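Structural characterization, general
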Amino acid sequence: MKKGKKLYEGKAKIIYATNDKNLVIQYFKDDATAFNNQKKTTIEGKGVLNNRISEHILSNLSQIGIKNHLVKRLNMREQIIKLVEIIPIEFIVRNVATGSITKRLGIEDGTVLKEPLIEYCLKDDKLGDPLISEEHILAFDWASKTEIDEVKKMILRINDFMIGMFRGVGIKLIDFKLEFGRIKIDGKNEVILADEISPDTCRLWDSITEKKLDKDRFRKDLGDLIPAYTEVAKRLGILHEQSNVSAVNVTKLSSVKRKKK
Ligand code: 5GP
């Protein structure tokens, strides 16, 4: 597989072409941004951890029949993924109210929702990813009714699976963001899960202490982001228990594991 030119650079990832027109390489950067790019920094080792955690979750989702773009992890920062046409919507799934919904609607932080709540945001940095309704999506043809219905079914299964997976390792899945893309499989148009699922895109709280193990450590200046992401990776069985939490060691560990394969 030959790496070609850069096709797209986002806030946390870069997409490169390959010699196969249906496949691209997704590179995980160490850059962290928040509040629509107003807060930015680089956190050494974040990309390595997100690459591993996202690979783990998407592979597990594949096994329960959730089609997604992951083909395989290439190395510590890169994955081969299927090229899809991204639907320009961020699908937000909430199990517990925190973050933007508490400010927007005056809901008490930590309120457990009776049912998972799905919200839609238009993927547009210039507009600050505004909240939209299903009617907006249909009115402006951002996705079809069939696509939305299909995505909603997938989201509920993904949420169920992830709640259970994290509960098993003492973590509460508070909320997360998903993206989906269009692809032709065997001549048929399909919608599959795309992007990444990692502590950058989820809120994850320790089940007992409610310690934040996600990107809120950066957003809220709580510090120790790498130890928190490392903790998630260790609990999911991706990194060994005894591994040290420093970014440098995460980087070393990943390359050692890769060489062993
Ligand atoms: P909120 O709307 O409360 O800010 O975010 C809800 C959930 O979606 C959180 O888990 C948050 O990490 C995720 N999320 C929402 N928008 C984005 C985004 O643009 N980038 C990333 N990485 N995550 C997002």
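Residues numbered from 1 in each chain as written. Predicted model: local features only at pLDDT ≥ 70, side-chain atom pairs only at ≥ 80, totals over all residues. Heavy atoms only, no water.

**Examining the packing of helix H1 (residues 46-63) against helix H6 (residues 225-235)**
At a minimum axis distance of 10 Å, the contact between H1 and H6 shows a crossing angle of 20°. The pairing of H1 with H6 is recorded here as roughly parallel in orientation. Of the two possible hands of crossing, H1 and H6 adopt the one that is left-handed. The segment H1 lies against H6, with Lys46, Leu49, Asn50 and Ile53 engaging Leu225, Ile226, Tyr229, Thr230, Val232 and Ala233. (Axes fitted to C-alpha atoms, helices over the stretch in contact; angles between N-to-C directions. Helix = DSSP H or I, 4+ residues; strand = E, 2+ residues; numbered from the N terminus. Parallel < 35°, antiparallel > 145°, perpendicular 65-115°, else oblique. Left-handed = near helix turned anticlockwise from the far one by under 90°. Contact = heavy atoms within 4.5 Å.)

**A look at the site of the ligand**
For the ligand, the set of nearby residues contains 16 residues, the closest of which are Arg94, Ser100, Asp175, Arg203 and Arg219. The contact in question runs from a nitrogen atom of the ligand to an N or O atom on the backbone of aspartate 200, over 3.0 Å. The separation between an oxygen atom of the ligand and a polar side-chain atom of arginine 219 is 2.9 Å. Coverage of the ligand by the protein chains reaches 81% of its 490 Å² of free accessible surface. Counting residues per element, the ones that place at least two in the shell around the ligand are strand S9 (89-97), strand S12 (171-185) and strand S14 (202-206). When its residues are assigned to classes, the shell around the ligand shows three nonpolar, four polar and nine charged. (Near = heavy atom within 4 Å. Polar contact = N/O pair within 3.5 Å; in protein donor to acceptor, adjacent residues only side chain to side chain. Areas by Shrake-Rupley, 256 points an atom, 1.4 Å probe, with all protein chains shown as cover. Nonpolar A, V, L, I, M, F, W, Y, C, P; charged D, E, K, R; others polar.)

**A short note on the environment of alanine 17**
Looking at the secondary structure, you find alanine 17 in strand S2 (residues 13-18). Residues within four places of alanine 17 in sequence aside, it is in contact with Lys2, Lys3, Gly4, Lys5, Leu7 and Val24.

**Topic: the domain arrangement of the chain**
Structurally, the chain comprises domain 1 (3-84 + 225-245) and domain 2 (86-206). Taking the mean C-alpha position of each, domain 1 and domain 2 sit 18 Å from one another. In this complex, domain 1 contributes 28 residues to the contact, which on the side of domain 2 involves 29 residues. The junction of domain 1 with domain 2 conceals about 2600 Å² of combined surface from both sides, 62% of it contributed by carbon and sulfur atoms. Taken as a group, Lys67, Val84 and Arg235 account for 25% of the area that domain 1 buries against domain 2, more than any other trio of residues on that side. Between glutamate 190 and lysine 67 there is a salt bridge, with its nearest N and O atoms 3.0 Å apart. One can count 19 residue pairs in polar contact (both at pLDDT 80 or more) joining domain 1 with domain 2. Those elements that place two or more of their residues in the side of domain 1 that touches domain 2 are strand S3 (23-28), H1 and H6. If you tally residues by element for the side of domain 1 that touches domain 2, the top one is H1, at nine residues. Of the residues assigned to the side of domain 1 that touches domain 2, the class counts are 13 nonpolar, nine polar and six charged. (Domains from an automatic or database assignment. Buried area = accessible area lost by both parts, 1.4 Å probe. Salt bridge = Lys/Arg side-chain N within 4 Å of Asp/Glu carboxyl O.)

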